[in-house]
Amino acid sequence: MKNVLIAAIILLGNIAVNAQSLVNFGIKAGPNFANFNGDSEIDFNSRTSFHAGLVAEIKAFPNMSLQPELLYSSQGAKVDGMDDFNLDYVSIPVMVKYYILSDKLSLEAGPQFSFLVDERDEAWDGITGNEPDNNSFDFALAGGVGLNITQSLFAQARYTIGLTEASKDAEIQNAVFQLSLGYMF
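These numbers were taken from a predicted model, which means no experiment stands behind them.

S.K.: What is the right way to read the side chain of Ser 49 from this model?
M.R.: Note on placement: Ser 49 falls in strand E3 (residues 47-61). With a relative accessible area of 13%, Ser 49 lands in the buried category. One polar contact links Ser 49 to Arg 47, side chain to side chain, over a distance of 3.5 Å. Every residue in contact with Ser 49, bar those within four places of it in the chain, is listed here: Gly 30, Pro 31, Asn 32, Ser 74 and Gln 75.

In structure tokens, the structure reads:
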């Protein structure tokens, strides 16, 4: 019985040490270059904003991992001569990362689920004469590249295209290009 207990303790200790190397946690932030795509008579322009949040990387295979994130992402668009359309989301991208150059360069793709937490779009009232009626949920697809600069420091470039309407008043979808700098602990 004593040998079984010792073997179980060694096995559990080994699993705990290996699990730490399979899951890493970190933070990331950077600029958003956001706009709206879709059928609209309004000429939207790119709006520069930001994103920031938490990231985890879960190694599934030596050259593949899963990267769920929890981000605050400020999006929207500009219209010449009017206030910005500001749509702020809590976004949950779930990226599959495939490393193409050892553990340095990766291709990333996956879905993103976003929940509207704040909206400031006084311009919509000026254009339509109505208060804005934005959708509270946004589903998107994202793709990009990642570069591990060091074992802890990383950079990413990602494009996210909305598949659902951002507003109930117009046929527009979010489109966001993100640059990120992050640190894994």
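S.K.: When you look at the packing of aromatic side chains in this model, what are you seeing that I'm missing?
M.R.: Any pair of aromatic rings gets described here by the distance separating the centres and the angle formed by the planes. Evaluation of the coordinates by the stated rule reveals eight aromatic pairs. Residues Tyr 183 and Phe 185 carry aromatic rings whose centres are separated by 5.5 Å and whose planes lie at 70 degrees to one another, so their mutual orientation is edge-to-face.

S.K.: Sorry if this is basic, but what is going on with the nonpolar core here?
M.R.: A general trend in soluble globular proteins is that nonpolar side chains are found buried together. Counting residues in hydrophobic clusters, the biggest one holds twelve residues: Phe 36, Ile 42, Phe 44, Ala 77, Val 79, Phe 85, Leu 87, Tyr 89, Leu 116, Ala 166, Ala 170 and Ile 172. Only strand E4 (64-79) and strand E5 (85-101) provide two or more residues apiece to this core. Of the residues forming this core, the biggest block, three residues, is contributed by E5.

S.K.: Any chance you could explain the pattern of salt bridges here in plain terms?
M.R.: If charged atoms from side chains of opposite charge come close, those side chains can pair. The final tally for this structure, using the stated rule, is five salt bridges. Between Glu 69 and Lys 28 there is a salt bridge, with its nearest N and O atoms 3.2 Å apart. With a gap of 41 residues between them, Glu 69 in strand E4 and Lys 28 in strand E1 (residues 23-39) connect regions that are remote in the sequence. In this structure Lys 28 comes out as buried when scored by relative accessible area, which is 4%. In this structure, the salt-bridge partner of Arg 158 is Glu 108, at a minimum N-O distance of 3.3 Å. Here Arg 158 is found in strand E8 (residues 153-162), whereas its partner Glu 108 is found in strand E6 (residues 105-120), with 50 residues between them in sequence. There is no split in this pair, since Arg 158 and Glu 108 are both buried. Through salt bridges that share partners, Lys 28, Glu 69, Glu 108 and Arg 158 make up one connected network.

S.K.: Explain the environment of Ser 102 here, please?
M.R.: When you line up the elements, Ser 102 lands in the loop between E5 and E6. Considered as a pair, Ser 102 and Pro 62 are 40 residues apart in the sequence and their alpha carbons are 9.0 Å apart.

S.K.: How should the pairing of E4 be read in this particular structure?
M.R.: One face of the sheet, then the other: side chains in a regular strand alternate in exactly this way. Where strand E2 (residues 44-45) and E4 come together, two bridges link them in antiparallel fashion. By the bridge assignment for E4, Asn 45 is matched with Lys 78. Pairing analysis gives twelve bridges linking E4 to E5, with the strands arranged antiparallel. Residue pairing in the sheet places Ser 65 in a bridge with Lys 97 of E5. The turn joining E4 and E5, which pair antiparallel and follow one another in sequence, is formed by five residues; a positive phi near 75 degrees is taken by Gly 81.

S.K.: Sorry, what's going on with the pairing of strand E7 (residues 137-148) here?
M.R.: Because side chains alternate across E7, one face comprises the buried residues Asp 138, Ala 140, Ala 142, Gly 144, Gly 146 and Asn 148, and the other comprises Phe 137, Phe 139, Leu 141, Gly 143, Val 145 and Leu 147, none of which is buried. Taken together, the eleven bridges between E6 and E7 define a ladder with antiparallel strand orientation. Residue pairing for E7: Leu 107 is matched across the bridge by Val 145. Alignment of E7 against E8, held across nine bridges, turns out to be antiparallel. Residue pairing across strands places Ala 140 opposite Gly 162, the latter belonging to E8. Hairpin connection from E7 to E8: four residues lie between these consecutive antiparallel strands.

Criteria and thresholds
Counting restarts for each chain, with residues numbered from 1 along the sequence as it is written. Selection of residues for local features in this predicted model requires a pLDDT of at least 70, selection of side-chain atom pairs for listing and counting requires 80 or more, and totals for whole chains, interfaces and linings are taken over all residues. Calculated side-chain values reflect all of the structure's heavy atoms, with hydrogen atoms and water omitted. Only runs of H or I of at least four residues qualify as helices and only runs of E of at least two qualify as strands under DSSP, and these elements are numbered from the N terminus. Exposed residues in this analysis have more than 50% of their type's maximum accessible area, buried residues have under 20%, and partly exposed residues fall in between, with area computed by a 1.4 Å probe over protein chains only. Distance and chemistry together define a polar contact, namely a pair of N or O atoms within 3.5 Å, with one atom able to donate a hydrogen and the other to accept it when in protein, and with adjacent residues in sequence counting only for side-chain atoms on both sides. Throughout, a contact is declared for two residues whenever any of their heavy atoms are within 4.5 Å. When the centres of two rings from Phe, Tyr and Trp lie within 6.5 Å, Trp using its six-membered ring, the rings pair. Their planes under 30 degrees apart give stacked, over 60 give edge-to-face, and anything left gives tilted. In this description, a nonpolar core means a group of buried Ala, Val, Leu, Ile, Met, Phe, Trp, Tyr and Cys residues linked to one another through side-chain atoms lying within 4.5 Å. By convention in these notes, a salt bridge is any Lys or Arg side-chain nitrogen within 4 Å of a carboxyl oxygen on Asp or Glu. Paired strands, as defined in this entry, are two strands with at least two bridges between them according to DSSP.

Any functional reading would require information that these geometric values do not contain.
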